Amino acid sequence: MEHNLNKKSSALALVPFLIFVAIYLGAGLILQAQGVEMAFYQFPSVTAMFVALLAAFAITKGSLDQRFAIFARGAANIDVLTMLMIYLLAGAFSSVAASMGGRDATVNLGLSLIPVQFLTAGVFIISAFMGTATGTSMGTISAIVPIAVGVADKSGLSVPLMVGACVGGAMFGNNLSMISDTTIAATRSQGCEMRDKFRVNFFIALPAALITIVVLLVVGRPEVMPVMEDLSFSIVKVIPYLLVLLLALIGINVFLVLTIGIFVAGIIGVATASLDLFGFAQAVWSGFTGMNEVFFLTLFCGGMSEMIAHNGGISWLIDSLRAMMRGNKSAQVGIAALVSLSDFATANNTVAIVVSGSMAKDISREYKVDPRRTASLLDVFSCVFQGIIPYGAQLLSAAALTTACGIAINPTDIVPNLWYCWVLAIVGIASIFIPFADGVCKKDPWNWEYDVAESGVAAKKALIESGKNG
């Protein structure tokens, strides 16, 4: 998703976003301190975003039609529309599969095969594998969260911890996958090969994943091992989940995967008399409407982020960070902070990489940061923040799917349980000052006089001249 960035820079442009954070998180924290039950649900996040959106309209110059055109450009962007369709299809699949008994059957199958004490770490590993193979954290979350919630509920494990393990694994895959949007955006913006970025990235993500697995094996063990009395299941009703996982792993488009899953679950439901035709239709509709909050929030957020960028908010972040850089290490910290703040402002890791990629490339040239290293930093820290912001698509979707399964949790309940994202942030920062992930760069040094990025002949000549003079 490309923002139409102007050269102007303005901190005022970020006010709408700050208003949203202040209203949504502020109201929740105040009510929680007062002991109000379900505190973060008392002031709907969509209403808070709507107020922030009105503020964005108020500070944007131009006629009302011009302002709406800017909003529409962001809201109707292909990345936003893609997420919206995934939300709807994921909700429908979850609803139909649950209605015909698929979720209970899959839960019982999982509990029959995996020792309870290893379930949390197992969910993380499965999510990581699927996310890496498919390149989509959203697809991974939509397929695995309903199963993870059912497993946690039946086994007595913490639901937020189990969901956090699933989201963490999905972000691991999104970060490393060769076919993920973030990998494509990071490598194309820096002019390096995907396999090279993967090799650098791998030595950051793998230690974080191994530490996470160890932590989940410790904190994911129930104090009292529950006794599973009735673990009976019909293997036929597990087929929709297995089919969705298999089709996603072999690289089938996520829209087609979820659509096939919806109808296969419906057919099995009708064939086993668990659903009739009208029940199937109602389950699909129920799945659609169950995603209304995350649907509207994403729509509003996409339009507002475009207005923030148009008004110079992203440019202001970039300029502020650049003033703090003094050398190679501080430049790497600046690049990490740049993409982190961009994601914090846009709530979309692909968008964050796209809007900060050009400036990150300029910084890496100026301070001689290897482009493969820069691409890795962009991907790592955009995924860290995308995983932990409670208004991001991943946590909103995970919370919505959990609620659809009959257990109401808030995105903020998941944040403390996102062990992988927190560990990845620590390992990523450590890799800047202790370059344990730079072995690939040292063995295969980058040719600074040959920039393969699509930046034009002038940029190439300028780079060669700077190299000769330096």
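Caption draft 1: Region of interest: helix α21 (residues 419-433). Its 15 residues place the ends of α21 22 Å apart at the C-alpha level, agreeing with the 21 Å of an ideal helix rising 1.5 Å per residue. Among the residues of α21, Tyr420, Cys421, Val423, Leu424, Ala425, Val427, Gly428, Ser431 and Ile432 are the ones counted as buried.

Caption draft 2: Quick look at the pattern of salt bridges. Applying the stated rule across the entire model yields two salt bridges. Across the salt bridge formed by Asp370 and Arg372, the nearest N and O atoms sit 2.7 Å from each other. Arg372 carries the same exposure label as Asp370, and that label is buried.

Caption draft 3: Structural view of the state of the cysteines. This structure, assessed with the given rule, holds zero disulfides. With no disulfide of its own, Cys383 has Cys421 as its nearest cysteine by sulfur position, at a separation of 8.1 Å. Cys383 sits in the buried class, given a relative accessible area of 0%.

Caption draft 4: Looking closely at the nonpolar core. Ranked by internal contacts, the top residues of the largest apolar core, which has 134 residues, are Phe20 and Val163. When residues no more than four places from it in sequence are discounted, the contact partners of Val163 are Val145, Val149, Ala398, Thr402, Ile409 and Ile414.

Caption draft 5: Molecular detail of helix α1 (residues 15-33). End to end, α1 covers 26 Å across 19 residues, agreeing with the expected 27 Å (1.5 Å per residue, within 8%). Within α1, burial applies to Pro16, Phe17, Phe20, Val21, Tyr24, Ala27 and Gly28. Positive backbone phi, approximately 80°, marks Gly35, located one or two places after α1.

Caption draft 6: Layout of the confidence of the model for the protein chain. Residues at a pLDDT of 70 or more form 84% of the protein chain, whose mean pLDDT is 79. By mean pLDDT, the top-scoring element of the protein chain is helix α3 (residues 64-75) (93), and the lowest-scoring one is helix α23 (residues 457-469) (43). Contacts of residues 1-5 to residues separated by more than four positions or lying in other chains number 25 contacts, the stretch itself having pLDDT below 50. In the predicted structure, residues 448-470 sits below a pLDDT of 50 and forms 25 contacts with residues beyond four places in sequence or in another chain.

Thresholds applied
Residues numbered from 1 in each chain as written. Predicted model: local features only at pLDDT ≥ 70, side-chain atom pairs only at ≥ 80, totals over all residues. Heavy atoms only, no water. Helix = DSSP H or I, 4+ residues; strand = E, 2+ residues; numbered from the N terminus. Expected span 1.5 Å × (residues − 1). Buried < 20%, exposed > 50% of the residue type's maximum accessible area, 1.4 Å probe, protein only. Salt bridge = Lys/Arg side-chain N within 4 Å of Asp/Glu carboxyl O. Disulfide = S-S within 2.5 Å. Core = buried A, V, L, I, M, F, W, Y, C linked by side-chain atoms within 4.5 Å. Contact = heavy atoms within 4.5 Å. pLDDT = per-residue confidence, 0-100.

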